[in-house]
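Listed below, chain by chain, are the residues.
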Amino acid sequence: MKFYIHTYGCQMNVRDSEAVESLMIAAGHEKAASEDDAEVVIINSCTVRQKAEEKAVGKSGNMIAAGKITGMMGCAVKRMGEDIFKRLPKLHFAVGPRAFGLIPRIVSEGRYPVLELGEDVVPVGMDAHVDTGWQSFVTVLLGCDNRCSYCIVPDVRGHEYSRPAKEVVAEVAALAKRGVKEVCLLGQSVLRYGIRNTAWDDDEGEAFPRLLRALNEIDGLERIRFTSAHPKGCTDELIRVYRECPKVCRHLHLPVQSGSDRVLAEMGRRYTRAEYLAAVAKLREFDPEFAVTTDVIVGYPGETAEDFEATRSLMEEAGFDNAFVFKYSPRPGTRSAALEDDVPKEEKERRDQVLLADQELRGQKRNDRLVGTVREVLFEGPSKRKADRFSGRDGGNRIVVWDKPADCSVSPAPGDKVRLEILEAHPQILIGRPV
Ligand code: SAH
Ligand code: SF4
């Protein structure tokens, strides 16, 4: 059957959708160019905030109304369980985040409705990839055991499980053989790789840095990224890996959530403001241009003006290269859901805007330092904003754009390395010229 997958949420969902696409094709189904063209539409859902869940449910409702065979997968399915059929009585199938491997069979059999919430296991088809592109996500750590007070992820994605290192290395080597130049290793708290269960046959060294060292040896692979990180994982050995392994990108997504020690403790984040800042300082001491990006929550229950100012000042001290700001959204069953969601909506909005405005100025300052330097960029394609420009990213995940050459016979291919001198800086973008 002709299928189309619509993905909401994080990179892990993007990765799971890719695996489903590959499994569907292997089972004889055909990828449609658009949802209009599809007989089956699969919505990969997110539930990290209430709004995300609403979007996925709304989209599924529209697809049902359009007469499509409609299935949902992902985190919102696991959270809602059977109730999903109360919201969407005509939904054909719903499959939890660790059960996506069942989708091709469900569609082939065509006996609806089906609800498969799945067990806390390694999904079937974990290593299935589609045969296109030069960039790939590879999930190395499933689930999460951190149980931050506000977060629904552990409830829906299950316990932490580190995939065997041998499997990961083989998967990345196979991708590199097929022309993949950049991989991004995924895990909710990816530096916990190999901690809950062993990932290597012996227990020599730190499991995640060791994985990076092994992947750095793979021929044809140019770049290794990973996300998300936790300050506890910023060990001396990780810094040595950055120093010794040129393929490991000098960028860390290090979600901080708050700059107030009181709020961090309530959230159960397991670090203080000082410990967090020490981790950032360690990275920047190693390389002042090391890119550090973050996630922040505004309006956590009981967040005072003083707590908020602590977040503001932490962000300034850390000198983030980029930041994603989220307005607190209570999630059923989490510890913080029992607390009163007492920061008014307008105040959350105001705090959000303040942090974003601060980050614009900070991003400009961080990027200004790069004017005149030469950055190595992997070419992605035409710029989304201006069709007469090319776009790519440097190792720090910064977007760099440059004018298209007049002679298109010299155009790079996606994934090609281009060296660019930076001419101009903006808060979110650098403008360069090939050297
Ligand atoms: N595992 C990652 C985060 C995954 S969720 C980590 O801990 O580093 C992505 C981001 O969503 C989080 O970093 C947090 O900023 C935000 N988030 C999670 N739960 C939220 C909630 N209930 N309300 C608002 N934002 C939330
Ligand atoms: Fe959620 Fe915390 Fe786990 Fe991240 S580390 S997924 S925020 S519980």
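All of these numbers come straight from a predicted model, not from anything done at the bench.

### A few points about the overall build of the protein chain
In terms of regular secondary structure, the protein chain is built from 13 helices and 19 strands. In summary, the protein chain has a C-alpha radius of gyration of 22 Å against a globular reference of 22 Å for 435 residues, a match within 12%. With respect to the principal axes defined by its C-alpha atoms, the protein chain has extents near 60 × 60 × 50 Å. Of all 435 residues assigned to the protein chain, the portion counted as buried reaches 55%. Taking contacts inside the protein chain between residues at least 6 apart in sequence as the whole, the part at least 24 apart equals 70%. Taken together, the 63 basic and 68 acidic charged side chains of the protein chain have centroids lying 1 Å from each other.

### Focus on the pairing of strand 17 (residues 399-403)
With five bridges connecting them, strand 16 (residues 389-394) and strand 17 associate as antiparallel partners. Note that in strand 17 the partner of S391 across the bridge is V401. Taking the residues between adjacent antiparallel strands as the criterion, strand 16 and strand 17 are bridged by four residues, where N397 takes a positive phi near 70°. Sheet topology note: the strand 17/strand 19 (residues 429-434) ladder contains three bridges and is parallel. Residue pairing across strands places V400 opposite L430, the latter belonging to strand 19.

### Some details on the sheet that holds strand 7 (residues 135-139)
Spatially, 7-10-11 is the arrangement adopted by the three strands of the open sheet, whose pairing is parallel. The open sheet has two edge strands with one neighbour each: strand 7 and strand 11 (223-227). Ignoring strand direction, the axes of neighbouring strands in this sheet form an average angle of 20°. Strand direction decides the pairing type here: strand 7 and strand 10 (residues 182-186), joined by five bridges, are parallel. Across the sheet, S136 pairs through a bridge with V183, a residue of strand 10. Helix 1 (residues 11-26) contacts strand 7, strand 10 and strand 11 of the sheet and is inclined by roughly 100° relative to strand 7.

### A closer look at the site of ligand 1
If you check the shell around ligand 1, you find 15 residues, and the closest are Q188, P255, Q257, D295 and S329. Contact between ligand 1 and Q188: a nitrogen atom at 2.7 Å from a side-chain N or O atom of the residue. Elements with a contribution of two residues or more to the shell around ligand 1: strand 13 (291-298) and strand 14 (322-327). Split into classes, the residues belonging to the shell around ligand 1 amount to six nonpolar, four polar and five charged.

### Re the side chain of K59
Its place among the elements puts K59 in helix 2 (residues 50-65). Excluding residues within four positions of it along the chain, K59 makes contact with H6, Y8, E35 and I43.

### Quick word on the site of ligand 2
The immediate surroundings of ligand 2 are formed by C144, N146, R147, C148, Y150, C151, V153, P154, Q188 and R269. Grouping the amino acids of the shell around ligand 2 by side-chain chemistry returns six nonpolar, two polar and two charged.

### Overview of the environment of T294
Along the chain, T294 falls in strand 13. In this structure the C-alpha to C-alpha distance between T294 and P332, which are 38 residues apart in sequence, comes to 25 Å. In this structure, T294 is in contact with H253, L254, P255, V256, Y276, F320, N322, A323 and F324, ignoring residues within four places of it in sequence. Within polar-contact distance, the side chain of T294 engages the backbone oxygen of L254 at 2.8 Å.

### Some points on the sheet that holds strand 13
Read from one edge to the other, the open sheet built from three strands follows the order 12-13-14, with strand pairing classed as parallel. Edge positions in the open sheet fall to strand 12 (251-253) and strand 14, since each of these has one partner strand only. When strand polarity is set aside, the average angle formed by the axes of neighbouring strands in this sheet is 15°. Taken together, the six bridges between strand 13 and strand 14 define a ladder with parallel strand orientation.

### Comments concerning the packing of aromatic side chains
Inspection of the entire model under this criterion finds 11 aromatic pairs. With a centroid separation of 4.9 Å and an interplanar angle of 75°, the aromatic rings of F208 and F226 are classed as edge-to-face. Residue F208 is located in helix 8 (residues 207-216), and its partner F226 is located in strand 11; the two are separated by 18 residues in the primary sequence. The same class applies to F208 as to F226, namely buried. In textbook terms, an aromatic cluster arises when at least three aromatic residues are bridged by ring pairs, as seen for Y193, F208 and F226. The ring of W200 carries the charged tip of R210 above its face, separated from the ring centre by 4.2 Å.

### A closer look at the domain arrangement of the protein chain
By domain assignment, the protein chain separates into domain 1 (2-116), domain 2 (135-368) and domain 3 (374-434). The centre of domain 1, based on its C-alpha atoms, is set 27 Å off from the matching centre of domain 2. Opposite the 17 residues of domain 1 that make contact, domain 2 presents 25 residues. For the domain 1 and domain 2 pair, buried surface summed over both sides reaches about 1800 Å², with 57% attributable to carbon and sulfur atoms. Of all residues in domain 1, the largest losses of buried area upon contact with domain 2 belong to M12, R49 and R98, amounting jointly to 38% of the total for that side. Notably, a salt bridge pairs D16 with R157, separated by 3.2 Å at the nearest N-O pair. Remark: the boundary between domain 1 and domain 2 carries eight residue pairs in polar contact (both at pLDDT 80 or more). Secondary-structure elements contributing two or more residues to the side of domain 1 that touches domain 2 are helix 1, helix 2 and helix 3 (75-80). If one sorts the elements of the side of domain 1 that touches domain 2 by residue count, helix 1 sits on top with seven residues.

### Side note on the side chain of E53
With respect to the secondary-structure elements, E53 resides in helix 2. Within the local environment of E53, its side chain forms a polar contact with the side chain of R79, the two groups lying 2.7 Å apart. Apart from the residues within four sequence positions on either side, E53 is in contact with C46, T47, A76, R79, M80 and R331.

Procedures and definitions
Positions within a chain are numbered from 1, following the residues in the order the chain's sequence is written. Key to labels: chains lettered from A, ligands numbered from 1, both in the order written. Local features in a predicted model are, by the rule used here, given only for residues with pLDDT of at least 70; side-chain atom pairs are given and counted only at 80 or more, and totals for whole chains, interfaces and linings are based on all residues. Excluded from the side-chain calculations are hydrogens and water; all other atoms, namely the structure's heavy atoms, are used. Counting from the N terminus, the helices are the DSSP runs of H or I reaching at least four residues and the strands are the DSSP runs of E reaching at least two. What the globule rule says is 2.2 Å times the number of residues to the power 0.38, and the radius of gyration is computed from C-alpha atoms. Here's how the labels work: a residue is buried when its accessible area is under 20% of the maximum for its type, exposed when over 50%, partly exposed in between, all with a 1.4 Å probe on protein chains only. Here, residues are in contact when the closest pair of their heavy atoms is within 4.5 Å. By the counting rule applied here, Lys and Arg register as positive and Asp and Glu as negative, while His and the ends of each chain are not counted. Every charge is mapped onto a representative atom, which is NZ of Lys, CZ of Arg, CG of Asp or CD of Glu. Pairing between strands is defined by DSSP: at least two bridges between them are needed. Here, axes are lines fitted to C-alpha atoms. For helices the fit covers the stretch in contact, and angles between N-to-C directions go from 0 to 180 degrees. The rule for a residue being near a molecule or strand is that one of its heavy atoms must lie within 4 Å of it. A 3.5 Å cut-off defines polar contacts: any pair of N or O atoms within that distance qualifies, except that in protein one atom must be a possible hydrogen donor and the other a possible acceptor, and neighbouring residues in sequence count only when both atoms are side-chain atoms. Here the nonpolar group is Ala, Val, Leu, Ile, Met, Phe, Trp, Tyr, Cys and Pro; Asp, Glu, Lys and Arg are the charged ones; every other residue, Gly included, is treated as polar. Working definition: a ring pair exists when centres of Phe, Tyr or Trp rings (six-membered ring for Trp) sit within 6.5 Å. Plane angles under 30 degrees give stacked, over 60 give edge-to-face, the rest tilted. By the criterion adopted, a ring carries a charge over it if an Arg CZ or a Lys NZ lies within 6 Å of its centre and within 35 degrees of its normal. Domain segmentation is taken from an automatic or database assignment of domains. Throughout, buried area stands for the accessible area (probe radius 1.4 Å) lost by two parts on being put together, summed over both. Salt bridge, as applied in this entry: a Lys or Arg side-chain nitrogen positioned within 4 Å of an Asp or Glu carboxyl oxygen.

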